[in-house]
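# Inside the fold
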Amino acid sequence: MNFMNKLERKFSKYAVSNLTMYLIFGYVVGYILSRFSPGILPYLILDPYQVLHGQVWRLVTWILIPPSTQSILFYVIMMLFYYQLGMSLERTWGTFRYNVYILGGILYTALGAVVTWAIMSAVMGNAAYVGVYVGASVSTYYICMSIFLAFAVCYPNMQVLLYFIIPIKMKWLAYVYAALMALDFIQNAWPGRIMLFMSLLNFLIFFLSTRDLRRYSPKEVHRKQVYRQAVRQPRPGGVTKHKCAICGRTEQDDPTLEFRFCSKCEGNYEYCQEHLFTHQHIKR
């Protein structure tokens, strides 16, 4: 947590707001290409062999390949669903931590593809063929799944309508998907197991390192929004009313920020909305 806080203080200004929107836009581009120019897709997949031979754009372009190419109605519904989940997580964690989570998932997936290709090439030979096989198996499906699982952990009791009819809580859906992924892991050969594990490594690392992360509910989010609207404007003369003990931001840096004192810290320590539930408690 201290390491993450230090990273956030240093690099938060580089975080990309509305990252989910850019992911969805990339999926739309990939979906259009898959429908109208499918021949270009083999040049976009993450083929480690071709990357090592100069086609470095594949390190990025594989993200354009959508997790599903079913009917356009199903595709639109799923993208809207994941957009809502992603934006909610960004508001819950803060832009920087959400960026770390998503980009970490992308990085670990790419690393898993390279490791799988290297091992398979050493065992089977024919590195070029193995590269195509591994590249075709790399997908953003599990990155989307990591967004879903993270949302289910933060909002376990939120209800959604399964097939627009059956009300079900997020935690039960998460249990079902976790069981399916466990079964998939067992049934897969070792290359598939490596890819599945690496694609979800961001979820495992993030929540193992933030076990004290408070779970949010819709009521809590609403209460925060009301409080944000009630925060007074900065005091005149450059004197600020609030200051975060982690990042040092005040209401002058961002009038939409909310600040709270932590009841578990010994002393008068105030934190912004992004660090209130993720900081390490100060004990004297």
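Residues numbered from 1 in each chain as written. Predicted model: local features only at pLDDT ≥ 70, side-chain atom pairs only at ≥ 80, totals over all residues. Heavy atoms only, no water.

### Regarding the overall build of the protein chain
For the protein chain, the helix and strand inventory stands at twelve helices and four strands. When the 284 residues of the protein chain are sorted by exposure, 43% land in the buried category. Within the protein chain, contacts between residues separated by at least 24 positions form 63% of all contacts whose residues are at least 6 apart in sequence. (Helix = DSSP H or I, 4+ residues; strand = E, 2+ residues; numbered from the N terminus. Buried < 20%, exposed > 50% of the residue type's maximum accessible area, 1.4 Å probe, protein only. Contact = heavy atoms within 4.5 Å.)

### Here we look at the packing of helix α9 (residues 170–187) against helix α10 (residues 190–199)
One way to put it is that α9 packs onto α10 with a least axis distance of 8 Å and a crossing angle of 145°. Residues Met-181, Asp-184, Phe-185 and Ile-186 of α9 form the contact with α10, whose participating residues are Arg-193, Leu-196 and Phe-197. For the contact of α9 with α10, the per-class residue count stands at five nonpolar, no polar and two charged. (Axes fitted to C-alpha atoms, helices over the stretch in contact; angles between N-to-C directions. Nonpolar A, V, L, I, M, F, W, Y, C, P; charged D, E, K, R; others polar.)

### Regarding the side chain of His-275
Here His-275 is to be found in the segment after β4 (270–272). Apart from the residues lying within four places of it in its own chain, the contact partners of His-275 are Asn-5, Glu-8, Arg-97, Cys-244, Ile-246 and Cys-247.

### Quick look at the pattern of salt bridges
Evaluation of the coordinates by the stated rule reveals one salt bridge. With a closest N to O distance of 3.3 Å, Glu-258 and Arg-260 form a salt bridge. (Salt bridge = Lys/Arg side-chain N within 4 Å of Asp/Glu carboxyl O.)

### A word on the confidence of the model for the protein chain
On average, residues of the protein chain carry a pLDDT of 79, and 85% of them reach 70 or more. Considering each helix and strand of the protein chain separately, the mean pLDDT is smallest for helix α12 (residues 218–230), with a value of 52, and largest for helix α3 (residues 48–52), with 89. When the criterion is pLDDT under 50, residues 211–219 qualifies, and its contacts beyond four places in sequence or with other chains add up to 20 contacts. (pLDDT = per-residue confidence, 0-100.)

### Some thoughts on the packing of aromatic side chains
All told, the structure shown has nine aromatic pairs when counted by the stated rule. With a centroid separation of 6.4 Å and an interplanar angle of 40°, the aromatic rings of Phe-11 and Tyr-14 are classed as tilted. With a relative accessible area of 58%, Tyr-14 lands in the exposed category. Between Phe-148 and Tyr-177, the aromatic rings sit 5.1 Å apart at their centres with planes inclined by 80°, giving edge-to-face as the arrangement. With a gap of 29 residues between them, Phe-148 in helix α8 (residues 141–154) and Tyr-177 in helix α9 connect regions that are remote in the sequence. (Phe/Tyr/Trp six-rings, centres within 6.5 Å; stacked < 30°, edge-to-face > 60°.)

### Description of a nonpolar patch on the surface
A grouping of Leu-111, Val-115, Ile-119, Val-123, Met-124 and Trp-190 is seen on the molecular surface, where their side chains present a nonpolar patch of about 560 Å² in accessible area. In terms of residues, the nonpolar patch owes the most to one element, helix α6 (residues 95–124), which gives five residues. (Patch = residues over 30% accessible without salt bridge, like charges linked within 9 Å, V, L, I, M, F, W, Y side chains within 5 Å. Areas by Shrake-Rupley, 256 points an atom, 1.4 Å probe, with all protein chains shown as cover.)

### Looking at the environment of Leu-59
Tracing the sequence through the fold places Leu-59 in helix α4 (residues 58–61). With 15 residues separating them in the primary sequence, Leu-59 and Leu-44 have C-alpha atoms 8.6 Å apart. If we skip the residues at most four places from it in the chain, Leu-59 touches Leu-46 and Val-51.

### Details of the nonpolar core
Counting residues in each nonpolar core, the largest one holds 50 residues, and the members touching the most others are Leu-89, Trp-93, Ile-102 and Phe-148. Going through the elements one at a time, α2 (19–36), α5 (72–93), α6, α7 (127–137), α8, α9, α10 and α11 (201–208) are the ones with two or more residues in this core. With eleven residues, the top contributor of residues to this core is α8. Setting aside residues no more than four positions away along its own chain, Phe-148 makes contact with Phe-81, Tyr-82, Leu-85, Met-170, Leu-173, Ala-174 and Tyr-177. Within the second largest apolar cluster, ten residues are counted, among which are Ile-246, Cys-262, Cys-265 and Tyr-271. (Core = buried A, V, L, I, M, F, W, Y, C linked by side-chain atoms within 4.5 Å.)

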